[in-house]
Amino acid sequence: MSPSPDDEELSCSPRFLLAGVGDTEDLERYERGGFHPVHLGDQYDGGRYKVIHKLGAGGFSTVWLAQDLMRRKWVALKIILADESPSVETKTVLSHRVASQCSSDAVFVTYSRYFHIDGPNGHHLCLVLPVLGPSASRLSQYMDSRIEPWLARRASYQAARALADLHAQNLCHGDLTTANIMFRVEEFDRYTENDIYRLFGKPETGPLETESGEIPGAEAPRYIVKSLDFLSSETDIISNDISLIDFDQAFLVSSPPGKMLATPIEFLAPEVAVGRPASPASDVWALGCSIVRLRSGEGLFSAYDITSPADLMRGIIQALGDMPASWEESLFDSDGQPTKDPAKGKPVWKFTDKRPIKEQIYRIWDNPSNWPSKSTKPLVVSQGENVDQVLDWERHKPYPRCFLHKFWKPTAIKVGDAYLHGYDDESDNLLAALPKIPEDEAALLCDLLSKIFVYEPTERANVKELLDHPWFHMDD
């Protein structure tokens, strides 16, 4: 008997209430085949690793700060969804070989070892990784956070150099994004557990409660832990150097994958988006996308929601103009995926307006910290103010002073009597008053990107050719 509409609606409705600790893993995946429930103080691998804090979470894993009690070191434990663990293990072992071949320094990060956890939701792969700081995606995200130009250039160059090392080994990364560019941390092993709490505060938790009011079973944790925020500390332990992570999509230049890369759509090269093979040139395109986001906090091709390759191609056409004639027969199905079947696909429809790359680069807005008229005094929150005001305070509170030379928070900037806050006409007017990227830098950046953002992969510069570009070396 097929399920009734009421049954289907019930199965789609959320089981858990939000835990009130900010962005978290998908709580609905605390189920058979899903996340492993973790609590602070839990010990794994025969008591070798003790969980102290949470570092983050993604669609396939949760990541925990743990003490290696055997070696007296800090490690990151990445615990994979049970259903995904077999395939991730296969890819991870292969990617470990890739990373190990390329360099002996810390640029390429892979696991030191792995083990398995059997829990109420299944059999989970657990990778033991070095502790890294925040991702470039976290640090350069429109209004939420920005990286100072000198550090954006430095990180971009290091990512380009790392990619050149990979390509020299006839390997492609396949998933180069700002989420996989991680800033390192300085001498983390010198800190004790109490030092961690002093630097970042004790872990914040929120009870995990169900919509129905029933108590969750063993498949779910009793509480959800808020991720550690490296930018909350009054001491800067974030290095000026980056590492590349996640080699799960890596492939040999001679053996491109038969299926489309699992790269976030915004970073896909156009040839991949229309269904053609990936190559080193596709990595170079993704590097260009990462450079723009590092420097500007935004993507070049994401003025509108991008949920499919067809959406991406519309944005690229806005910026570069029409596709090459040989690509004009590219078809996309109703989900926006490339297809060769004329019965299922149509050519991509185009926006009528244009968004040239040069115009977008020259509009990059920067930190007005040198403006004598700018007010950067933090808000004062007094006792008795309501929750909304406290939330506004958190949003407008600047980063600690130790980060002033590296990172800044746009929502802490006040223009006149108003704070920058988001996507609306008022914010657009406020942004117009901010200083823009210096013209000499904008010209160099446009020149660099003109060598990257080219439709035909064979006409795109290779990454080794880019390393000497003057934009990377403005601070030398």
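What counts and how
- Residues numbered from 1 in each chain as written.
- Predicted model: local features only at pLDDT ≥ 70, side-chain atom pairs only at ≥ 80, totals over all residues.
- Heavy atoms only, no water.
- Helix = DSSP H or I, 4+ residues; strand = E, 2+ residues; numbered from the N terminus.
- Contact = heavy atoms within 4.5 Å.
- Axes fitted to C-alpha atoms, helices over the stretch in contact; angles between N-to-C directions.
- Parallel < 35°, antiparallel > 145°, perpendicular 65-115°, else oblique.
- Left-handed = near helix turned anticlockwise from the far one by under 90°.
- Nonpolar A, V, L, I, M, F, W, Y, C, P; charged D, E, K, R; others polar.
- Pairing = 2+ DSSP bridges.
- Buried < 20%, exposed > 50% of the residue type's maximum accessible area, 1.4 Å probe, protein only.
- Salt bridge = Lys/Arg side-chain N within 4 Å of Asp/Glu carboxyl O.
- 1 Å grid on protein atoms, 1.4 Å probe; cavity = no way out; pocket = protein on both sides within 12 Å on 5 of 7 lines; lining within 4 Å.
- Points joined across faces, edges and corners; volume = space filled by probe spheres on them.

1. Examining the side chain of R153
In step 1: With respect to the helices and strands, R153 occurs in helix α4 (residues 149–168).
In step 2: The residues contacting R153, other than those within four sequence positions of it, are E441, W471, F472, M474 and D475.

2. Describing the packing of helix α7 (residues 280–296) against helix α12 (residues 439–452)
In step 1: It is at 9 Å that the axes of α7 and α12 come closest, and there the two elements cross at 160°. Considering their axes alone, α7 and α12 lie roughly antiparallel with respect to each other. Seen along the crossing, α7 lies across α12 with a hand that is left-handed. On α12, the residues touching V284, W285, G288, I291, V292 and R295 of α7 are E441, L445, L448, L449 and I452.
In step 2: Of the residues in the contact of α7 with α12, the class split is eight nonpolar, one polar and two charged.

3. Describing the sheet that holds strand β3 (residues 61–68)
In step 1: Spatially, six strands are ordered β1-β2-β3-β4-β6-β5 in an open sheet, and the strand pairing comes out antiparallel. This sheet does not close on itself; its edge strands, each paired only once, are β1 (43–44) and β5 (113–119).
In step 2: Summarising the sheet, strand β2 (residues 49–57) and β3 pair through seven bridges and their orientation is antiparallel. Along β3, the bridge assignment pairs V51 with A66.

4. Some words on the environment of W64
In step 1: In this fold, W64 is placed in strand β3.
In step 2: On the accessibility criterion, W64 (2% relative accessible area) is buried.
In step 3: Along the sequence, W64 and S227 sit 163 residues apart, while their C-alpha atoms lie 8.8 Å from each other.
In step 4: Excluding residues that lie within four positions of it along the chain, W64 makes contacts with V38, V51, H53, K54, L55, V75, A76, L77, I79 and V225.

5. A look at the environment of A325
In step 1: Relative to the assigned elements, A325 resides in the loop between α8 (309–320) and β14 (331–332).
In step 2: It is 45 Å that separates the C-alpha atoms of A325 and T24, two residues lying 301 residues apart in sequence.

6. Regarding the pattern of salt bridges
In step 1: As enumerated under the stated definition, the model contains 23 salt bridges in all.
In step 2: We note a salt bridge from D366 to R295, for which the minimum N-O separation is 2.9 Å. Taken together, the residues span a long stretch of sequence, with D366 in the loop between α9 (357–362) and α10 (387–396) and R295 in helix α7 at a distance of 71 residues.
In step 3: By relative accessible area, D366 is classed as buried at 10%.
In step 4: For R295, a relative accessible area of 1% gives the class buried.
In step 5: Between E359 and R363 there is a salt bridge whose closest N-O contact spans 3.9 Å.
In step 6: Classification of E359 by relative accessible area gives partly exposed; the value is 43%.
In step 7: If you follow the salt bridges from partner to partner, you end up with R146, R153, R295, D366, E441 and D475 in one network.

7. Points about empty space enclosed by the protein
In step 1: Summed over all chains, the structure comprises two cavities of 30 Å³ or more.
In step 2: One number sums up the size of the largest cavity: a volume of about 70 Å³.
In step 3: Forming the boundary of the largest cavity are 15 residues, of which G174, L261, T263, S282 and A286 lie nearest the centre.
In step 4: The element that contributes the greatest number of residues to the lining of the largest cavity is α7, accounting for three residues.
In step 5: Considering only residue class, the lining of the largest cavity consists of nine nonpolar, four polar and two charged.
In step 6: In this model, the second largest cavity occupies a volume close to 40 Å³.
In step 7: Every residue along the wall of the second largest cavity is listed here: E266, C289, V292, G299, L300, F301 and F453.
In step 8: The residue makeup of the lining of the second largest cavity, split by class, is five nonpolar, one polar and one charged.

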